[in-house]
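This is what each chain is made of:
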Amino acid sequence: PSPKYPLAMRSRFSKRHPAMKFNFIRKTIFSYFALIRLPNLFTIPGDPIAGYLLCGGDFSEKKGIIFAVISSLSYYIFGLISNDIKDLEEDRILNPNRPIPSGKVSAFSAKIASIAALICGLSAGLAAGSACFTTGLILLSAIFFYNFVFKDNAILGPALLALCRTMNVLLGVSLRYENFSASTPALFAFISIYFAFVMGLSLAASREKNSDLKIF
């Protein structure tokens, strides 16, 4: 029997096929970049590095600070993706163009990505040291309580977001915890200002987005 398509047409399809595959891969990669808010990731490494330097770090422990930064980034990605998964039904209405509700990234794939980020964060934290690993567990607790319990609370939601960024700083501090007492005044001042700054921004953002959030 004659082929479904003429030979010339099949030839054109075969030539376009690699380009179509490349385009699919490119769209998939950019969908995951959107899922993890790629530009925001560049704001994360400064937190543990600042904590490390405030405790007298001099980058002699390059391995530790690298793993602390990887752990911080991984926890951040885990928090973002798990938050999007939790808000999927709401986003279908309010943010239908986001990667998961739009179907660009499946919910199953997003769950796998979040688990991978969690495992990466825990592994990197353990490689950085037991203090960093323990600090990471506290950070994960803050992420969990924000995403699944207090996100819509007008006070505790922003407070937990600020705590998450503060714990990021403490990931770096954990690498030099033996110098904690000597650097307490400067560190306490920095963390207090940073916490207040992030909480203030979060409060302003939440009130702009939704003016009827419940307090307690």
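Throughout this document, residue positions are counted from 1 along each chain, in the order its sequence is written. Local features in this predicted model are restricted to residues of pLDDT 70 or higher, and side-chain atom pairs are both shown and tallied only at a pLDDT of 80 or more, whereas totals for entire chains, interfaces and linings draw on every residue. Side-chain descriptors were evaluated using all non-hydrogen atoms of the structure, hydrogens and water having been removed beforehand.

Asker: Got a sec to walk through the pattern of salt bridges? Specific residues and values, please.
Answerer: We define a salt bridge as a contact between a side-chain nitrogen of Lys or Arg and a carboxyl oxygen of Asp or Glu at a distance within 4 Å. Applying the stated criterion across every chain, the model contains five salt bridges. Across the salt bridge formed by Asp84 and Arg98, the nearest N and O atoms sit 2.9 Å from each other. Of this pair, Asp84 sits in helix α4 (residues 62-86) while Arg98 sits in the loop between α5 (88-94) and α6 (107-128); the two residues are 14 residues apart in sequence, bridging distant segments of the chain. Burial classification: accessible surface area is computed with a 1.4 Å probe over protein chains only, and a residue below 20% of its type maximum counts as buried, one above 50% as exposed, and the rest as partly exposed. A relative accessible area of 4% places Asp84 in the buried class. Arg92 is the partner of Glu89 in a salt bridge, and the nearest nitrogen-oxygen pair spans 3.3 Å. Here Glu89 pairs with Arg92, and both are found in helix α5, just three residues apart, close to one helical turn. Secondary structure follows DSSP: runs of H or I at least 4 residues long count as helices, runs of E at least 2 residues long count as strands, and numbering of each begins at the N terminus.

Asker: So, a nonpolar patch on the surface: which residues are in play, and what are the values?
Answerer: Only residues above 30% relative accessible area that lack a salt bridge enter a patch, with like-charged residues linked at up to 9 Å and the nonpolar side chains Val, Leu, Ile, Met, Phe, Trp and Tyr linked at up to 5 Å. Shrake-Rupley sampling with a 1.4 Å probe provides the accessible areas, and residues are treated as covered by the protein chains on show and by no other component. Taken together, the side chains of Phe24, Ile25, Ile29, Phe30 and Phe33 make up a nonpolar region of the molecular surface, amounting to roughly 510 Å² of accessible area. Position of Ile29 among the secondary structure elements: in helix α1 (residues 7-35). Judged by its relative accessible area of 40%, Ile29 is partly exposed.

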